[in-house]
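So the chains spell out like this:
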Amino acid sequence: MENTEKVGPAIKLKSFVSQCNRVWHLLKKPNKKEFTTIAKVSAIGLGIVGAIGFVISMIMGFIKLGV
């Protein structure tokens, strides 16, 4: 048998807040170059997902026309 302690919700909440606070202090504001790169990558990803959805929509439209 393992010796496991029951942790109360107050302790879990305190631990979660402590972890969030630690991450918050590690964050930094991106510079202009980092922001531009992130924006470009996000736009490309959004475009790819949109294109895939459009292609699937067109294929489904052609399948319904053939039936």
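Going by the structure above, here's the rest.
Residues numbered from 1 in each chain as written. Predicted model: local features only at pLDDT ≥ 70, side-chain atom pairs only at ≥ 80, totals over all residues. Heavy atoms only, no water.

> Teacher, can you tell me more about the overall build of the chain here?
Looking only at helices and strands, one finds 2 helices and 0 strands in the chain. Total accessible area on the chain stands at roughly 6,900 Å², and carbon and sulfur atoms take up 71% of it. (Helix = DSSP H or I, 4+ residues; strand = E, 2+ residues; numbered from the N terminus. Areas by Shrake-Rupley, 256 points an atom, 1.4 Å probe, with all protein chains shown as cover.)

> How should I be thinking about a nonpolar patch on the surface in this particular structure?
Taken together, Ile44, Ile48, Ile52, Phe54, Val55, Ile56, Met58, Ile59, Met60, Phe62 and Ile63 make up a surface patch of nonpolar side chains, about 1,100 Å² in accessible area. Take Met58: it is sitting in helix 2 (residues 32–66). Taking relative accessible area as the criterion, Met58 reaches 36% and is therefore assigned partly exposed. (Patch = residues over 30% accessible without salt bridge, like charges linked within 9 Å, V, L, I, M, F, W, Y side chains within 5 Å. Salt bridge = Lys/Arg side-chain N within 4 Å of Asp/Glu carboxyl O. Buried < 20%, exposed > 50% of the residue type's maximum accessible area, 1.4 Å probe, protein only.)

> Where do I start with helix 1 (residues 9–26) in this structure?
Three- or four-residue spacings in an α-helix give side chains the same orientation, since the helix completes a turn every 3.6 residues. In this model, helix 1 (18 residues) spans 26 Å end to end at C-alpha, consistent with the 26 Å of a helix rising 1.5 Å per residue. Of all 18 residues making up helix 1, only 0 are buried, and the element is barely covered by its neighbours. (Expected span 1.5 Å × (residues − 1).)

These values are about where atoms sit, not about what they do.
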